[in-house]
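Take a look at the letters that make up each chain.
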Amino acid sequence: MIDHPNEYPDEIGDEYAERAALRRRDMPPRAARKQRGAEAGAATARRDAETLGADSQFNPTFRGSKFERAWILEYLSPFHEDKLIADVLRPVKGGKEATVYCCQADPRVGVALIAAKVYRPKIFRTLKNDSEYRKGRDVLDAQGNEVRGRREALAMKKKSHFGQALLHTAWLSNEYQHLRMLHAAGVDVPKPIAQSDNALLMEYFGTEPMPAPALHHVTLAPREARPLFERVMRDVETMLQHGCVHADLSAFNILYWRGDIRIIDLPQAVNPYRNPNAFGLFARDVARVCQYFARYEIDSDAARLARDLWTRTVQRDESEVLL
């Protein structure tokens with residue numbers, strides 16, 4: 001199912017330019033000049049990406065708009081050069097922060113299809129309340145190493161261009177590192193394959209003409225509902241045991257395919273021991289899962305279930321540390 005078959009239509013660029021012109025009109029002259037410089041730099045980056053595509057052997061089947069084409073070439077070309085993907089076939093899902101594409105894998109990878117999640121350029125991202133999720137989290141670079149240093153910390157605090165780039169990469173790296181850890185722990189998440197500074201590759205779920213739909217859009221057979229509910233809750237508990245709260249879990253980001261599932265979209269995942277908001281986020285995850293399965297007459301006390309899981313996992317571990 002394609003949620004947004006053309007995530008970056010040309011009109012987006014025109015609309016953005018109009019809004020930018022209106023903002024400049026109300027700016028002091030110096031600020032307006034700075035803004036025009038930033039917009040010119042973004043336009044140059046797009047032209048460079050288009051030039052890269054013209055000179056490269058990477059010529060994806062899916063073209064999209066001129067803006068989307070430029071971003072695909074810029075962010076997915078490195079995976080083509082590394083012999084991980086051979087082609088970009090179609091968009092699968094578009095969201096606030098990223099678009100997922102179905103890619104033909106390079107024969108050396110050993111699978112037919114790969115999902116490529118490409119994060120939107122900053123001007124199109126709307127990460128609201130991201131500070132709530134970043135509390136207690138290490139800032140990681142594209143290699144998964146912790147970002148340290150006074151200069152970096154100050155840049156992120158001031159949200160300079162450099163600081164915002166660090167936060168952007170950290171957001172993506174947080175998802176990739178959690179996928180690695182959870183997949184190794186046996187949680188039903190896509191197997192991660194590779195990461196760059198603005199995209200990640202992972203297991204593709206479904207077929208090329210029919211990507212796995214979100215659980216929210218699926219009508220389960222009555223006999224499937226309870227075993228699947230118990231499976232999701234086992235995944236939630238295993239995640240908690242490995243120091244991870246999804247923090248945005250619902251039937252919209254659980255994929256379903258022929259009785260199998262994958263939990264997706266983990267850039268905002270938090271550590272239950274380090275984030276002060278973790279229990280509230282965890283309780284919300286559990287409530288949303290219970291709400292979906294209630295349509296199949298599976299009665300559950302979501303608040304009690306969340307508290308019980310938290311008590312026997314997180315609070316027990318905390319008491320062991322104190323001892």
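Presented here is a report on the structure given in the accompanying data block.

## Description of unusual backbone geometry
A positive phi angle is found at lysine 83, which is not glycine, with a value near 60°. Here lysine 83 is to be found in the loop between helix H3 (66-81) and strand E1 (85-94). The partly exposed category is assigned to lysine 83, whose relative accessible area is 40%. Phi at alanine 247 is positive, roughly 75°, even though this residue is not glycine. Structurally, alanine 247 is set in the loop between helix H7 (222-241) and strand E6 (254-257). Residue classification places alanine 247 among the buried residues on the basis of a relative accessible area of 0%.

## Details of the packing of H7 against helix H8 (residues 278-293)
Angle between the axes and distance between the axes are the two parameters that describe a pair of packed helices. Taken N-terminus to C-terminus, the directions of H7 and H8 make an angle of 170°; their axes are 11 Å apart at the nearest point. Classed by the angle they form, the pair H7 and H8 counts as roughly antiparallel. Taken together, the residues of H8 that come into contact with H7 (itself represented by Ala225, Leu228, Phe229, Val232, Met233, Val236 and Leu240) are Phe282, Val286, Val289, Cys290 and Phe293. In terms of residue class, the contact of H7 with H8 is made up of twelve nonpolar, no polar and no charged.

## Structural notes on the nonpolar core
Core analysis: the biggest nonpolar cluster contains 54 residues, and Leu215, Leu220, Val245, Phe282, Val286 and Phe293 have the highest contact counts within it. Once residues within four sequence positions are removed from consideration, leucine 220 is found in contact with Leu215, Ala225, Leu228, Tyr256, Tyr292, Phe293 and Tyr296. One finds Phe58, Val88, Ala105 and Val118 within the second-largest nonpolar core, a separate group that totals 21 residues.

How each quantity is defined
- Residues numbered from 1 in each chain as written.
- Predicted model: local features only at pLDDT ≥ 70, side-chain atom pairs only at ≥ 80, totals over all residues.
- Heavy atoms only, no water.
- Helix = DSSP H or I, 4+ residues; strand = E, 2+ residues; numbered from the N terminus.
- Buried < 20%, exposed > 50% of the residue type's maximum accessible area, 1.4 Å probe, protein only.
- Axes fitted to C-alpha atoms, helices over the stretch in contact; angles between N-to-C directions.
- Parallel < 35°, antiparallel > 145°, perpendicular 65-115°, else oblique.
- Contact = heavy atoms within 4.5 Å.
- Nonpolar A, V, L, I, M, F, W, Y, C, P; charged D, E, K, R; others polar.
- Core = buried A, V, L, I, M, F, W, Y, C linked by side-chain atoms within 4.5 Å.

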